[in-house]
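# Structural overview
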Amino acid sequence: MTDTIEADLLAESEYVGRLYARLDELRAEKLEQLERTRAQGAVGTFQNMSERDSFATLYEDRIAQLDAVEDRLVFGRLDMAANGRQQQPGDADSAATPRYIGRIGLSDEDLNRLMIDWRASEAAPFYQATALNPRGVRRRRHLMLKGRSVAGIEDDVLDETWLDEGHTHHGEGALMAALREKRTGRMGDIVGTIQAEQDAIIRAQLPGAVVVQGGPGTGKTAVALHRAAFLLYEYRDRLKNAGVLIVGPSNSFMRYIERVLPSLGETGVVMSSVGDLYHGIHAVPEANRTVARLKGQLSMAKVIANAVRNRQRLIPEDRTLVVEGTRLVLTPKMVKNARERARHTRKPYNEARETFVKVLVGELAEQLRRKLEESAGQSSTTDRSYLPQEVRESHDVRVALNLCWMPMTPQQLVAELFATPHLLAAAAPHLAEHERDALYRRAGSPFTEADVPLLDEAAGLLGDFADPLEGSRTAQYEADVENAKAALRNMHTMLENAGIDGVVTAEQVAGVNQETAVRLTAAERAVADRTWAYGHIVVDEAQELSPMQWRLLIRRCPMKSFTIVGDIAQTSAASGASSWSQALEPFFGDRFELEELTVNYRTPAQIADAAVRVAQAAGLRITTPQAVREGDWPPVLTRTTADGVQEAVLAALREELEYSAGGLQAIIVPQQDLARIRAAVEQVYGDRVGSGSGGLSQDIVVITARESKGLEFDGVLILEPAELVDEVDGGVGDLYVAMTRTTQRLHVVHARELPEGMEA
Ligand SMILES: Nc1ncnc2c1ncn2[C@@H]1O[C@H](COP(=O)(O)OP(=O)(O)OP(=O)(O)O)[C@@H](O)[C@H]1O
């Protein structure tokens, strides 16, 4: 039997070697093409240079993709029954030829297929075949790579006649081996071990909204990211120009997941935390729950609309304006009439203002003409065509018109609204005085996550900022846009004509082409363009979103093609939802598919059970996923005194670091203790201590429960769970989240009583 394993390992290693050799070849080809392109130098017309740059970007992208798939390039092999094949026309595969499944598709120079992209339909049985429904699979083989050689083989035989043949190998299981690996502070892909219930969601069709509900550690984030990769592969045509947006709760979460898609060969995706969804603003979290709740309500859309409308003011009485020494009169009626005509255009505020200005400048210029003619006498034939310009540029006119209808940016509008009580009172009469007081903040305060949808709302109503009184920037702007579009069109034609060399299949040629299109059109342009309509949006930790945040996201994807993942029991945001129907009904009605993930891959049963007991004792309604591992340790509970907390944390940490032996250790603390505990830990461990999901060399992180959302660690140390529950901002949901962040051990240090359920 050992001989067989050795022989099989050798045979598989040989094949894997061929795959890597092909990868190297492709990489070398692309590098050479890139160098040749660069060597053309920065000469020629603008068009030539932009074409050269486009090609260079294309090659760079392909090289980056080939580099990114280096690690565990191939992970599976399918041996199919003769009648179970799903052959495509022209497919060189035969039943006897095994299908190797990997991160990308690879073929040799003669277009013989060497490896199938995991997202292709022929690869689906690798994830979906079961003993009950083998889908033509006789044997599924997991290949565990170490570097470029095969270190282990795991077989799943689905055809019992194969059991006798001796060519089957079993260990602890590919899934268990993957789960046992140490955490790095960056999420890894699960492409080699996607489970059937996850695969069904990953491969769901593009249109419509899919909601993935699941308890902690059920792989929701992993599924969402793999689904994005799948959609970009399967619906490349439809997504190439529109792109995919991935939204997560915080920047540290985005950092945590940022490597997953590149490792799956996808770079053309836009990723954004909810705080960064408005271009140019890095919003901070909203610390005040009342403010978060108020700003999250849909009625805020009306408040912003009122605020915009209220910025179009009338004047109470006649105003005298001096233009070139001549006195003109601006009457309330003239302003009202101009305002009506401007509003009638139904254009956004800043654009409608152009009409407002034009009407009044015209009328004032006419007044000026009459006055000048009166004083010059009827016989005057002087050319007066310069008058509107004179009026437009006069100081008095500019001041008067700006007071009535000031050009505004969304930032100005929102900042002034909350810093000026009478503006807010006028725009939000439905709010009680104490609510408006809560919303007040000093001018110059930073924008928070709760402001982001308001800024976006304001931007839609205000429109582009181009001040006719200041001379228009529009012409230049439009010329720039036109240039950019021409360069893009040009590039597409060039790529088509070039037929893209060296890449193996026609399918892949198209893929590379389109991927670049995604990168250039969607990823780069979409980020800066507020009105960009994405082809699909993936939202993680979606239970936290407020109605206003949903409204913003729907505007970004009017087709309403969404993957929405979250756990409604983990809601902690003040404006988050208590059921998916409640959250989604205003936007999707009942038109969404609800899928549930039921297996917890992260937290061992002994700890997950304790978390469930704590949550349930506090009355939280939760779904309880089945943990795949029992775990080696129950939660470790250390009681200390109020004075001894710091000492006890350091002692517990020492103990935990021994267990985690190079793994990633989190210390989750109440907000009020964060600075103190971090300082104490830093004093002992120095640079090893980080925040968020940690840096590359940081294996200890000190964070709050809220910050730990979505992350995971080999060991978790929680300080004072009762405090996490009682925090102004907290709740048992936060403690539940904190307890379920660990993959191995949980240690609790407490001076106060433990919350009910913590002890078995
Ligand atoms: N099929 C799988 N194979 C290997 N590992 C998996 C699989 N599914 C999930 N995991 C692992 O389980 C852990 C939890 O996954 P993930 O973070 O996606 O869960 P989640 O449901 O988003 O969790 P939470 O809601 O608690 O943040 C991750 O380490 C992930 O890689």
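All residue numbers here refer to positions counted from 1 along the written sequence of the relevant chain. Where totals are concerned, whole chains, interfaces and linings use all residues; where local detail is concerned, this predicted model gives features only for residues with pLDDT of at least 70, and gives and counts side-chain atom pairs only at 80 or more.

- By the naming in an unreviewed UniProt entry, the protein goes by DNA helicase and is assigned to Glutamicibacter nicotianae.

## A short note on the overall build of the protein
- A run of H or I in DSSP counts as a helix once it spans at least four residues, and a run of E counts as a strand once it spans at least two, with each numbered from the N terminus. When its secondary structure is counted, the protein shows 28 helices and 22 strands.
- Counting over 760 residues, the protein shows a buried share of 42%.
- This entry defines residue contacts through backbone-placed C-beta atoms, with two residues in contact when those atoms are within 7 Å. Within the protein, contacts between residues at least 6 apart in sequence are counted, and of these 74% link residues at least 24 apart. Partly exposed residues are those falling between the two cut-offs: more than 12 but fewer than 20 other C-beta atoms within 10 Å of their own, whereas 20 or more means buried and 12 or fewer means exposed, with C-beta atoms placed from the backbone.

## Some remarks on unusual backbone geometry
- Its identity is not glycine, yet Arg 72 carries a phi of approximately 50°, on the positive side.
- Even without a glycine there, the phi angle at Glu 720 is positive, about 50°.
- As for its placement among the helices and strands, Glu 720 is situated in the loop between strand S21 (713-719) and helix H27 (721-726).

## Some points on the sheet that holds strand S3 (residues 106-107)
- The criterion for strand pairing is that DSSP finds at least two bridges linking the strands in question. One open sheet accounts for 6 strands, arranged S3-S4-S2-S1-S5-S6; its pairing is mixed. The sheet is open, and its two borders are formed by S3 and strand S6 (149-157), each paired with just one other strand.
- Of the strand pairs in this sheet, strand S2 (residues 99-102) and strand S4 (residues 113-117) are connected by 2 bridges, and their pairing is parallel. When the sheet's bridge partners are listed, Gly 102 is paired in S4 with Asp 117.

## What about the site of the ligand?
- Contact assignment follows one rule, namely that a residue is near a molecule or strand if its backbone-placed C-beta atom lies within 6 Å of it. Around the ligand, the structure places 22 residues, and the nearest of them are Pro 216, Gly 219, Lys 220, Thr 221 and Tyr 601.
- Put simply, the parts of the chain that give the shell around the ligand at least two residues each are helix H4 (174-180) and helix H6 (220-234).
- Just so you know the grouping, Ala, Val, Leu, Ile, Met, Phe, Trp, Tyr, Cys and Pro go in nonpolar, Asp, Glu, Lys and Arg go in charged, and all remaining residues, Gly too, go in polar. Looking at the shell around the ligand residue by residue, the classes come out as 8 nonpolar, 10 polar and 4 charged.

## Describing the sheet that holds strand S22 (residues 742-750)
- The strand order S17-S22-S21-S18-S20-S19 describes an open sheet built from 6 strands, whose pairing is parallel. Edge positions in the open sheet fall to strand S17 (636-639) and strand S19 (689-690), since each of these has one partner strand only.
- Bridge count between strand S18 (residues 665-668) and strand S20 (residues 700-703): 4 bridges; the pairing is parallel. Opposite Ile 667, over in S20, you have Val 702 as the bridge partner.

## Considerations on the UniProt feature "binding site: ATP" (unreviewed entry) in the protein
- UniProt positions are given in the numbering used here, feature names are shortened, and annotations may be inferred rather than shown by experiment. UniProt records the feature "binding site: ATP" (unreviewed entry) for Gly 214, Gly 215, Pro 216, Gly 217, Thr 218, Gly 219, Lys 220 and Thr 221 in the present numbering.
- On the secondary structure map, Gly 215 appears in the loop between strand S7 (209-214) and H6.
- Residue class for Gly 215 comes out buried when judged on the 28 C-beta atoms lying within 10 Å of it.
- Residues in contact with Gly 215, not counting those within four places in the same chain, are Asp 567, Asn 600, Ile 622, Thr 623, Thr 624 and Pro 625.

## Quick word on helix H19 (residues 452-462)
- Burial within H19 is extensive, with 9 of its 11 residues counted as buried.
- By the burial criterion, the buried members of H19 are Val 452, Pro 453, Leu 454, Leu 455, Asp 456, Glu 457, Ala 458, Ala 459 and Leu 462.
- Positive phi appears at Gly 463, one or two residues downstream of H19, with a value of about 75°.

## Quick notes on the packing of helix H25 (residues 645-660) against helix H26 (residues 674-685)
- Packing of H25 against H26 brings their axes to within 10 Å, and their N-to-C directions diverge by 50°. In terms of axis orientation, H25 runs oblique to H26. Crossing geometry of H25 relative to H26 is assigned as right-handed. The segment H25 lies against H26, with Gln 646, Val 649, Leu 650 and Leu 653 engaging Ile 677, Ala 680, Val 681 and Val 684.
- Grouping the constituent residues of the contact of H25 with H26 by class yields 7 nonpolar, 1 polar and no charged. Axis definition: a line fitted to C-alpha atoms, limited for helices to the stretch in contact. Angles are taken between N-to-C directions and run from 0 to 180 degrees. Any angle that is under 35 degrees is reported as roughly parallel, and any over 145 degrees as roughly antiparallel; angles of 65 to 115 degrees are reported as roughly perpendicular and all others as oblique. By convention the crossing between two helices is left-handed if the near helix lies anticlockwise of the far one by an angle smaller than a right angle, and right-handed if it lies clockwise.

## A look at the packing of helix H16 (residues 410-419) against H19
- Two elements in contact, H16 and H19, have axes whose closest approach is 8 Å; the angle formed by their N-to-C orientations is 125°. The angle between the axes of H16 and H19 places the two elements in the oblique class. As for the relative orientation of H16 and H19, their crossing is right-handed in sense. Here H16 contributes Pro 410, Gln 411, Leu 413 and Val 414 to the contact with H19, which in turn contributes Leu 454, Leu 455, Ala 458, Ala 459 and Leu 462.
- Of the residues contributing to the contact of H16 with H19, the split by class is 8 nonpolar, 1 polar and no charged.

## Some remarks on the nonpolar core
- Ranked by size, the top nonpolar core spans 173 residues in total, and within it Ala 228, Val 244, Val 539, Ile 667 and Met 739 carry the most contacts.
- For this core, the element with the most residues is H6, which contributes 10 residues.
- Not counting residues up to four positions away in its chain, the partners in contact with Met 739 are Ile 607, Ala 610, Ala 611, Val 614, Ile 718 and Leu 746. Core membership is restricted to buried Ala, Val, Leu, Ile, Met, Phe, Trp, Tyr and Cys residues, and these are joined into a nonpolar core through C-beta atoms within 7 Å.

## What to know about the pairing of S22
- In terms of burial, S22 is a largely internal element, 9 of the 9 residues being buried.
- In the sheet, S17 pairs with S22 via 4 bridges, with the strands oriented parallel. Bridge pairing in S22 links Arg 639 to His 750.
- Relative to S22, S21 runs parallel, the two sharing 6 bridges. Residue pairing in the sheet places Gly 715 in a bridge with Arg 745 of S22.

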